[in-house]
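# Structural overview
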Amino acid sequence: MQDFSERKREVPSDFDAIAPTYDLLTGMNPGYHRHLRMSAGRLGAKPDGTILDLCCGTGISTEAVQEVYPRAQIVGLDASRGMLEVAKKKALLRGVRFVHGDAMDVRAAGLTERFDGILMAYGLRNVPDPDTCLVRLRDLLVPGARLAIHEYSVAGSRRSRLVWDAVCWGIIIPGGAITARTTKIYRYLHESVRRFDSVRMLEQR
């Protein structure tokens with residue numbers, strides 16, 4: 001059986017395959033956009049600062065950053081070229097600088113600046129080494145700037161795990177089969193949330 005950390009290396013290509021239809025499923029979650037705006041607001045970045053939207057995907061989280069900080073210089077980075085292509089086509093995001101790169105090594109993507117805030121939505125559980133990733137992200141921030149981790153966590157709560165399982169097997173995974181004609185990435189995302197930190201564990205990291 002494939003090691004789960006090794007499975008994570010296939011995630012960008014899996015997202016390439018579903019990029020054109022990805023927003024269809026996220027649009028079914030009524031709180032998805034509002035919660036991303038809340039996390040963007042928690043950055044507390046200066047209005048005209050430079051903000052990195054890490055693991056930006058199709059730009060839904062980038063839209064949240066832009067809504068909260070309309071005067072900011074925003075950089076969106078993702079490891080999936082397919083997802084970035086979708087993001088680049090969105091009219092509201094024409095002023096955003098999108099970059100293809102690895103969240104584990106942002107500097108390797110050619111980004112040399114330091115950021116007044118970093119939003120990482122649904123990304124930390126997909127990197128092979130979360131601790132190393134967090135250390136490197138800290139070094140990308142200007143003094144006093146914040147990193148906002150926006151994630152799902154069901155660890156430590158039997159009820160939360162049952163709800164997550166029901167949503168995935170009842171809606172998300174069948175929805176992926178209908179919209180993208182594949183369930184591979186959606187089955188992985190289901191498992192990645194189940195394996196991810198509890199809130200306390202993430203705080204300790």
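Here, every reference points to the structure presented above.
The residue numbers shown here count from 1 along each chain, following its written sequence. Given that this is a predicted model, residues contribute local features only at a pLDDT of at least 70 and side-chain atom pairs are listed and counted only at 80 or more, while totals for whole chains, interfaces and linings are drawn from all residues. Think of the side-chain values as coming from all heavy atoms in the structure, minus any hydrogens and water.

The biggest cluster of nonpolar side chains holds 24 residues, and the ones touching the most others in it are Phe15, Ile18, Tyr22, Leu36, Ile185 and Tyr186. In DSSP terms, a helix is any run of H or I states spanning at least four residues, a strand is any run of E spanning at least two, and both are numbered starting from the N terminus. When contributions to this core are tallied by element, the ones reaching two or more residues are helix H2 (11-18), helix H3 (22-26), helix H4 (32-41), helix H5 (60-68), helix H8 (158-179) and helix H9 (184-195). The element contributing the most residues to this core is H9, with 5 residues. What makes two residues a contact is simply this: any of their non-hydrogen atoms within 4.5 Å. If near-sequence neighbours (up to four positions away) are discounted, Ile185 is found in contact with Arg7, Val11, Asp14, Phe15 and Ile18. By nonpolar core is meant a set of buried Ala, Val, Leu, Ile, Met, Phe, Trp, Tyr and Cys residues that side-chain atoms within 4.5 Å join together. Burial classes: relative accessible area under 20% of the type maximum marks a residue as buried, over 50% as exposed, and values in between as partly exposed (1.4 Å probe, protein chains only). Of all hydrophobic cores here, the second largest spans 21 residues; its members include Ile118, Met120, Leu140 and Ala145.

Whenever a carboxyl oxygen of Asp or Glu lies within 4 Å of a side-chain nitrogen of Lys or Arg, that contact is scored as a salt bridge. Inspection of every chain in the model, using the stated rule, returns 15 salt bridges. Between Lys184 and Glu10 there is a salt bridge; the shortest N-O distance is 3.5 Å. With Lys184 in helix H9 and Glu10 in the loop between helix H1 (4-7) and H2, the pair connects residues that are 174 residues apart, well separated along the chain. For Lys184, a relative accessible area of 36% gives the class partly exposed. A salt bridge links Glu151 to Arg125; its shortest N-O distance comes to 2.6 Å. Residue Glu151 is located in the loop between strand S5 (141-150) and H8, and its partner Arg125 is located in the loop between strand S4 (115-121) and helix H7 (130-138); the two are separated by 26 residues in the primary sequence. The pair Glu151 / Arg125 is uniform in exposure class, with both members buried. What you see here is one network of salt bridges that share partners, running through Arg7, Glu10, Asp14 and Lys184.

Stacked, edge-to-face and tilted are the three classes for Phe, Tyr and Trp ring pairs, Trp counted by its six-membered ring, which pair at centre distances within 6.5 Å; planes under 30 degrees apart are stacked, over 60 edge-to-face, the rest tilted. By the definition in use, this model includes 5 aromatic pairs. Between Tyr122 and Tyr152 the ring centres are 5.0 Å apart and the planes differ by 35°, which places this aromatic pair in the tilted class. One end of the pair, Tyr122, is in the loop between S4 and H7; the other, Tyr152, is in the loop between S5 and H8, and 30 residues separate them in sequence. Among the residues examined, Tyr122 registers a relative accessible area of 14% and is labelled buried. An aromatic cluster is built from Tyr32, Tyr122, Tyr152 and Trp164, whose rings are joined through pairwise contacts.

Quick look at a nonpolar patch on the surface now. Put simply, a patch holds well-exposed residues, over 30% relative accessible area, that have no salt bridge, with like charges counted together within 9 Å and Val, Leu, Ile, Met, Phe, Trp or Tyr side chains within 5 Å. A 1.4 Å probe and the Shrake-Rupley method give the accessible areas. Residues count as covered only by the protein chains that appear here. On the surface, a nonpolar cluster with roughly 330 Å² of combined accessible area is contributed by Met28, Val163, Val167 and Ile171. Here Val167 is to be found in helix H8.

Below, the discussion takes up the packing of H8 against H9. Note on geometry: axes are C-alpha line fits, over the in-contact stretch for helices, and angles between N-to-C directions span 0 to 180 degrees. Contact geometry of H8 with H9 gives a least axis separation of 9 Å together with a crossing angle of 165°. The pairing of H8 with H9 is recorded here as roughly antiparallel in orientation. The way H8 lies across H9 gives a crossing that is right-handed. Every residue of H9 that contacts H8 at Arg161, Trp164, Asp165, Cys168, Trp169, Ile172, Ile173 and Gly176 is listed here: Tyr186, Arg187, Leu189, His190, Val193 and Arg194. Think of it as three bins: nonpolar holds Ala, Val, Leu, Ile, Met, Phe, Trp, Tyr, Cys and Pro, charged holds Asp, Glu, Lys and Arg, and polar takes everything else, Gly as well. Its residues placed into classes, the contact of H8 with H9 shows 8 nonpolar, 2 polar and 4 charged. When describing relative orientation, an angle under 35 degrees is termed roughly parallel and one over 145 degrees roughly antiparallel, while 65 to 115 degrees is termed roughly perpendicular and anything else oblique. Each crossing gets its hand from how the near helix is turned against the far one by less than a right angle, where anticlockwise is left-handed and clockwise is right-handed.

Further remarks concern the layout of surface pockets. Of the pockets and cavities examined, the second largest pocket occupies roughly 270 Å³. Two kinds of site are reported from a 1 Å grid over the protein atoms alone, namely cavities, where a 1.4 Å probe fits but cannot get out, and pockets, open sets with protein on both sides within 12 Å along at least five of seven lines, and residues are called lining when an atom falls within 4 Å of a point. Lining the second largest pocket we find 15 residues, and of these His35, Ser39, Arg42, His150 and Glu151 sit closest to its centre. Listing elements by their share of the lining of the second largest pocket, those giving two or more residues are H4 and S5. The class makeup of the residues in the lining of the second largest pocket is 7 nonpolar, 5 polar and 3 charged. Grid points are joined across faces, edges and corners, and a volume is the space filled by probe spheres set on the points.

Relative to the 16 Å expected for 12 residues at 1.5 Å per residue, H9 spans 17 Å between its end C-alpha atoms, a close match to the ideal helical length. Regarding H9, the residues found buried are Ile185, Tyr186, Tyr188, Leu189, His190, Ser192 and Val193. Close packing links the buried residues of H9 with H1, H2, H3 and H8. Expected helix span is taken as 1.5 Å per residue step, with the number of steps being one fewer than the number of residues.

Right, let's talk about the packing of H4 against H5 for a bit. Packing of H4 against H5 brings their axes to within 8 Å, and their N-to-C directions diverge by 55°. Considered as vectors, H4 and H5 are oriented oblique to each other. You can see that H4 and H5 cross each other, and the crossing is right-handed. Between H4 and H5, the contacting residues are Tyr32, His33, Leu36, Arg37, Ala40 and Gly41 on the first element and Ile60, Ser61, Ala64, Val65, Glu67 and Val68 on the second. By residue class, the composition of the contact of H4 with H5 is 7 nonpolar, 3 polar and 2 charged.

In short, the description is geometric, and any link to function would need to be established separately.
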